[in-house]
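Summary of structural features
Chain by chain, the residues run as shown.
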Amino acid sequence: MTKPKHVGIIMDGNGRWAQLRGRPRTFGHIKGARVAKKVISACAEMGIENLTLYAFSTENWLRPEQEVAFLMRLLGRYLKRETENLLAENIRFSVIGNVASLPKEMRTVVQDTISATQHCTGMRLIFALSYGSRQEIVATTKALALKVQNGELEVSDIDESLFSMNLSTHPAPDLDLMIRTSGEQRVSNFLLWQSAYSELYFTRTLWPDFNRTELEQIFAYFLSRERRFGQVTEQYEQPSH
Ligand code: IPE
Ligand code: IPE
Ligand code: MG
């Protein structure tokens, strides 16, 4: 088993981490952003080709207005500050999700970071911002339906590969490993299609306490898994398959 080509992380538990310390939830988000920075660098250093971080879900818009506004400001500031480091680490930044729903300043920062790093050839860092996997699947379906309507595509041309190519994560491959912190064992509308054969790893660690050592342990666990993709062990031991 080789190292994962695409890792996805549901960075959960910021609020609880802060509340355990008698601090407002926002304090946890600040610490969480610092941890994200370290994890990004660690993944780039370890040669992970694609890293998708769930930073804000479609459903997170339903949180109290103040928390949403804080998260948007924090994410904007974070991206602005980190662009230099991304460049230094040769990381190419991209975003999946409904970017149009983000506040204007945030859209500008996102666009600037994408443009500034587009020539980078190292790890692809994908921020899931205002992202929901069901919404993504519906959007892809609509885009393909429109092409059929316009006569650019035949219904019979639609297959798994074409569908994947029209998802926002393209050209990143399917997710190999999905990690969720905070002890929750659910996927919360993250990369539903792309995780069809992912290894799932749930840790009780709250995101602000997550670190490189634990990440390395999870990668070691991943390497120990036998991924059969519906087949049997013997087939997977044959290099021709
Ligand atoms: C994850 O931490 C960050 C976001 C969803 C933006 P939470 O804010 O969900 O923290 P908990 O789960 O309430 O502890
Ligand atoms: C998932 O965490 C989204 C992000 C980490 C950005 P949530 O805290 O929103 O998920 P639920 O509500 O516990 O399922
Ligand atoms: Mg949460």
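Owing to the predicted nature of the structure, the values given are computational and were not obtained by experimental measurement. (Residues numbered from 1 in each chain as written. Chains lettered and ligands numbered in written order. Predicted model: local features only at pLDDT ≥ 70, side-chain atom pairs only at ≥ 80, totals over all residues. Heavy atoms only, no water.)

**Regarding the site of ligand 2**
Within the structure, ligand 2 sits among Ile 10, Met 11, Asp 12, Tyr 54, Ala 55, Phe 56, Asn 60, Arg 63, Arg 180, Arg 186 and Ser 188. Contact between ligand 2 and Asp 12: an oxygen atom at 3.2 Å from a side-chain N or O atom of the residue. Asn 60 is positioned such that a nitrogen or oxygen atom in its side chain is 2.9 Å from an oxygen atom of ligand 2. Here ligand 2, which alone exposes 390 Å², has 78% of that area covered by the protein. A molecule is said to occupy a pocket when more than half its atoms come within 2 Å of that pocket's grid points, and by this definition ligand 2 occupies the largest pocket. Ranked by residue count, the leading element in the shell around ligand 2 is strand E2 (residues 50-57), at three residues. (Near = heavy atom within 4 Å. Polar contact = N/O pair within 3.5 Å; in protein donor to acceptor, adjacent residues only side chain to side chain. Areas by Shrake-Rupley, 256 points an atom, 1.4 Å probe, with all protein chains shown as cover. 1 Å grid on protein atoms, 1.4 Å probe; cavity = no way out; pocket = protein on both sides within 12 Å on 5 of 7 lines; lining within 4 Å. Sits in = over half its atoms within 2 Å of the grid points. Helix = DSSP H or I, 4+ residues; strand = E, 2+ residues; numbered from the N terminus.)

**Considering the state of the cysteines**
Enumeration according to the criterion identifies zero disulfides in this entry. Counting only cysteine sulfurs, Cys 120 is the nearest neighbor of Cys 43, a cysteine outside any disulfide, at a range of 16 Å. A relative accessible area of 0% places Cys 43 in the buried class. (Disulfide = S-S within 2.5 Å. Buried < 20%, exposed > 50% of the residue type's maximum accessible area, 1.4 Å probe, protein only.)

**Examining helix H5 (residues 133-149)**
An ideal rise of 1.5 Å per residue puts 24 Å on 17 residues; H5 measures up with 24 Å between its terminal C-alpha atoms. Gly 151 occupies a position one or two residues after H5 and carries a positive phi of about 75 degrees. (Expected span 1.5 Å × (residues − 1).)

**With respect to a nonpolar patch on the surface**
On the surface, Tyr 197, Phe 229 and Tyr 236 cluster together to form a nonpolar patch covering roughly 290 Å² of accessible area. Structurally, the position occupied by Phe 229 is in the loop between helix H7 (212-224) and helix H8 (233-237). (Patch = residues over 30% accessible without salt bridge, like charges linked within 9 Å, V, L, I, M, F, W, Y side chains within 5 Å. Salt bridge = Lys/Arg side-chain N within 4 Å of Asp/Glu carboxyl O.)

**What about empty space enclosed by the protein?**
Scanning all chains against the criterion turns up one cavity of 30 Å³ or more. Here the largest cavity is characterised by a volume of approximately 50 Å³. Around the largest cavity, the lining residues are Lys 37, Ile 40, Ser 41, Tyr 78, Glu 82, Asn 85, Leu 86, Glu 89 and Ile 91. Of all the secondary-structure elements, those providing two or more residues to the lining of the largest cavity are helix H2 (25-45) and helix H3 (65-88). For the lining of the largest cavity, the element with the highest residue contribution is H3, accounting for four residues. Counted by class, the lining of the largest cavity contains four nonpolar, two polar and three charged residues. (Points joined across faces, edges and corners; volume = space filled by probe spheres on them. Nonpolar A, V, L, I, M, F, W, Y, C, P; charged D, E, K, R; others polar.)

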